[in-house]
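Below are the chains, spelled out letter by letter.
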Amino acid sequence: MSQTLQPSLREQQHPLIRGLADCIESTWERYLDLEPYNLPAELGYVEGRLEGEKLIIENRCYQTPQFRKLHLELAKVGTMLDILHCVMFPRSEYDLPMFGTDLVGGRGQISAAIADLSPLSANLTLPDNFQQSLKALPAINFSQPRELPAWGDIFSEFCIFVRPGDAEEEAQFLSRVEEFLAIHCQSAIAAQQVSPEKQAELLAGQKYYCTKQQQNDKTRRVLEKAFGSDWADYYMTTVLFDFVDSN
């Protein structure tokens, strides 16, 4: 089931953002049984202003039997800032990590590219099948690795956080994210339901992940400048990093 983002915003963004958005959607459609996930109507498409520039946010959300929410966000602030944000929120019945990826750039340059399959277990380790699949991927050496934020204990040893140095490194990042997605979707399809005790552990892990991500001051500052602190908090806790306490 296709619910492709309108091309108007995507086509104005950095080529890596366009390529990654296309890759995410095509991988979801290839492997998963997508159904709409209903965001509040006013949050699907949002316009505002930031430092005199027009800010546009487009959101698309889905759900599947394995994932309670698949979220893809594209955002643009004039010529200053291009953003892609994506998170896959698994249902707690399945022992699956959190897939997340973000691209941030402006004026033709990607300044930050991150992707990870983040563990939700109490000991913050990925399930064995994920570790085996990820360890089997060939190593990639990026010329400009970046340091994870102070709240970044949620990320796995396989997390990539870089400033791509050239078109080749951008292509390598895109290819690695595609591999992460394929591993994740294939594992989700094959996953068996876990015990109620394990579900409670995974729910707590997802809450911890979201609470940590809500500490991202850079995201919050952009939203606060454009829409005010109350709206920024609402958006970060309702759209970007919401969590449930029980099934």
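From a predicted model like this one, the values you see are computed outputs, not experimental measurements. (Residues numbered from 1 in each chain as written. Predicted model: local features only at pLDDT ≥ 70, side-chain atom pairs only at ≥ 80, totals over all residues. Heavy atoms only, no water.)

**Things to note about the state of the cysteines**
Working step 1: Summed over all chains, the structure comprises zero disulfides.
Working step 2: In this model C23 remains outside any disulfide bridge; the closest cysteine sulfur is found in C86, 9.7 Å from its own.
Working step 3: The class for C23 is buried, based on a relative accessible area of 7%.
Working step 4: Free cysteine C61: the closest other cysteine sulfur is in C86, separated by 9.5 Å. (Disulfide = S-S within 2.5 Å. Buried < 20%, exposed > 50% of the residue type's maximum accessible area, 1.4 Å probe, protein only.)

**A short note on the packing of helix α2 (residues 15-31) against helix α4 (residues 167-190)**
Working step 1: Relative orientation of the contacting elements α2 and α4 amounts to 20°, with a least axis distance of 10 Å. With respect to their mutual orientation, α2 and α4 come out roughly parallel. In this structure, α2 crosses over α4, and the sense of that crossing is right-handed. Side by side, α2 and α4 meet where L16, G19, L20, C23, I24, T27, W28 and Y31 of the first sit next to E170, F173, L174, V177, E178, L181, A182, C185, Q186 and I189 of the second. (Axes fitted to C-alpha atoms, helices over the stretch in contact; angles between N-to-C directions. Helix = DSSP H or I, 4+ residues; strand = E, 2+ residues; numbered from the N terminus. Parallel < 35°, antiparallel > 145°, perpendicular 65-115°, else oblique. Left-handed = near helix turned anticlockwise from the far one by under 90°. Contact = heavy atoms within 4.5 Å.)

**Quick word on the packing of helix α6 (residues 217-227) against helix α7 (residues 229-240)**
Working step 1: Between α6 and α7, whose axes approach to 7 Å, the crossing angle comes to 130°. The angle between the axes of α6 and α7 places the two elements in the oblique class. For the pair α6 and α7, the sense of crossing is right-handed. Taken together, the residues of α7 that come into contact with α6 (itself represented by T219, R220, L223, E224 and F227) are S229, W231, A232, D233, Y235, M236 and L240.

**Describing the pattern of salt bridges**
Working step 1: Counted by the stated rule, this structure contains 12 salt bridges.
Working step 2: With a closest N to O distance of 2.2 Å, R10 and D22 form a salt bridge. Taken together, the positions of R10 in helix α1 (residues 7-10) and D22 in helix α2 put the pair 12 residues apart, joining distant regions of the chain.
Working step 3: Overall, the relative accessible area of 3% leaves R10 in the buried class.
Working step 4: E25 is paired through a salt bridge with R10; the nearest N and O atoms lie 3.2 Å apart. With E25 in helix α2 and R10 in helix α1, this pair connects stretches of sequence that are 15 residues apart.
Working step 5: The network of salt bridges with common partners includes R10, D22 and E25. (Salt bridge = Lys/Arg side-chain N within 4 Å of Asp/Glu carboxyl O.)

**Structural notes on the layout of surface pockets**
Rolled over the atoms, a probe as big as a water molecule pinpoints where empty space is left.
Working step 1: The volume enclosed by the largest pocket comes to roughly 980 Å³.
Working step 2: Those elements that provide at least two residues to the lining of the largest pocket are β3 (53-63), β4 (67-77), β5 (81-90), β6 (98-106), β7 (109-118), α5 (196-213), α6 and α7.
Working step 3: Considering every element that reaches the lining of the largest pocket, the biggest residue donor is β7, with seven residues.
Working step 4: Across the lining of the largest pocket, the residue classes tally to 25 nonpolar, 10 polar and nine charged.
Working step 5: Estimates place the volume of the second largest pocket at around 160 Å³.
Working step 6: Lining the second largest pocket are 13 residues, and of these A139, I140, F158, I160 and R176 sit closest to its centre. (1 Å grid on protein atoms, 1.4 Å probe; cavity = no way out; pocket = protein on both sides within 12 Å on 5 of 7 lines; lining within 4 Å. Points joined across faces, edges and corners; volume = space filled by probe spheres on them. Nonpolar A, V, L, I, M, F, W, Y, C, P; charged D, E, K, R; others polar.)

**Considering the packing of aromatic side chains**
Working step 1: Taken as a whole, this structure holds four aromatic pairs when the rule is applied.
Working step 2: Ring centres of W28 and Y62 lie 5.8 Å apart, and the angle between their planes is 75°; this geometry places the pair in the edge-to-face category. Taken as a pair, W28 in helix α2 and Y62 in strand β3 lie far apart in primary sequence, 34 residues in all. Just as W28 is buried, Y62 falls in that class too.
Working step 3: Summarising the aromatic geometry, the rings of W231 and Y235 are spaced 4.9 Å apart at their centres and angled 10° between planes, so their arrangement reads as stacked. (Phe/Tyr/Trp six-rings, centres within 6.5 Å; stacked < 30°, edge-to-face > 60°.)

**Some details on the nonpolar core**
Working step 1: Grouped together as the largest cluster of nonpolar side chains are 42 residues, with contacts concentrated most on W28, L84, M88, L103 and F173.
Working step 2: Apart from residues no more than four positions distant in its own chain, F173 is found in contact with L20, T101, L103, A113, I114, A115, F142, I160 and V162.
Working step 3: Grouped together as the second largest cluster of nonpolar side chains are 33 residues, V46, I57, L81 and A226 included. (Core = buried A, V, L, I, M, F, W, Y, C linked by side-chain atoms within 4.5 Å.)

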